[in-house]
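Take a look at the letters that make up each chain.
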Amino acid sequence: MRVLLVEDNERLAEFVAAGLRNAGFVVDTFTTLADSDAAFEAAPYHAVILDLGLPDGDGLHLLKSFRTRGSNCPVLVLTARDGITDRVTGLNAGADDYLLKPFAMEELVARLRAILRRPGAALSVLLSLGNLSFDTIGREVRVGGELVAMPRREVEMLEQLLRRAGKVVPKRSLEEGLYGFDDEVSSNTVEVLVSRLRKRLQQTSAKVTVHTLRGIGYMLVDGAP
Ligand code: CA
């Protein structure tokens, strides 16, 4: 899951980004409304964590602009501002949840996962295909009920393919969902990852197949290769 973190306090942003990465998220951090808005247009984020006091304005403007453009991307607002007024204003502007600073990283991760589970975000908890299942909250992959250990990026890729099982997932969209702007990605990064995932699925006797559609993308289907 790729998260846009909008926070101008450098130390806090680093702390939050590190905590989110530890929890398995891909994170891009921006410090201004303008940069965050441009990033939101450029990349497919699964969620936004938004500070309200930013150097070029109020974070709520950004939230309103996302909603005006029809995005239902879940947004968690972080703020030091106390008081019921700010909360009501934020929720009216389309925030999915609120967290007051200071907060514990565990709570932020729990709240983020909770908003990713809501129906508006179109994310269900358990995804399955063939004899394979994936718990999107616990991040566990199982084949025939048996737990399979998998590196984080492979899990992320499998999740993206599972969410669109039976449909073509363009290579570019996989790449954008798996890597942040700061990650180094070479032209064959996705191919290498797909071939590792394919091998691992075969080793575990998963009854699913990752098809390559040359020059287009990948498709996960039911049935052993
Ligand atoms: Ca701030």
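Residues numbered from 1 in each chain as written. Predicted model: local features only at pLDDT ≥ 70, side-chain atom pairs only at ≥ 80, totals over all residues. Heavy atoms only, no water.

> Mind showing me how you'd approach the domain arrangement of the protein here?
How big an interface is tends to be reported as the loss of accessible area on association of its parts. Here the protein is partitioned into domain 1 (2-116) and domain 2 (126-222). If you look at the interface, domain 1 gives 13 residues, while domain 2 gives 13 residues. Roughly 970 Å² of surface becomes buried between domain 1 and domain 2 when both sides are summed, with 55% attributable to carbon and sulfur atoms. Among the residues of domain 1 in contact with domain 2, R2, V26 and R113 are the three that bury the most area, contributing 48% of the side total. For the interface between domain 1 and domain 2, the tally reads 0 salt bridges. The tally of links from domain 1 across to domain 2 stands at 3 residue pairs in polar contact (both at pLDDT 80 or more). Among the secondary structure elements, those contributing two or more residues to the side of domain 1 that touches domain 2 are β2 (26-30) and α2 (33-42). (Domains from an automatic or database assignment. Contact = heavy atoms within 4.5 Å. Buried area = accessible area lost by both parts, 1.4 Å probe. Salt bridge = Lys/Arg side-chain N within 4 Å of Asp/Glu carboxyl O. Polar contact = N/O pair within 3.5 Å; in protein donor to acceptor, adjacent residues only side chain to side chain. Helix = DSSP H or I, 4+ residues; strand = E, 2+ residues; numbered from the N terminus.)

> Mind showing me how you'd approach the sheet that holds strand β12 (residues 169-170) here?
Two pairing modes exist for strands in a sheet, parallel and antiparallel, and in both the strands are linked by backbone hydrogen bonds. Pairing in this open sheet of 3 strands is antiparallel, and the strands run β12-β14-β13 from one edge to the other. What marks the edges here is a single partner per strand, and that holds for β12 and β13 (208-213). Where β12 lies against strand β14 (residues 217-222), 2 bridges are found, and the strand directions are antiparallel. Bridging across to β14, P170 finds its partner in G217. Where helix α6 (residues 152-163) meets the sheet, its contacts fall on β12, β13 and β14, and the angle it forms with β14 comes to roughly 70 degrees. Packed onto the sheet, helix α8 (residues 189-203) meets β13 and β14 and runs at close to 155 degrees relative to β13. (Pairing = 2+ DSSP bridges. Axes fitted to C-alpha atoms, helices over the stretch in contact; angles between N-to-C directions.)

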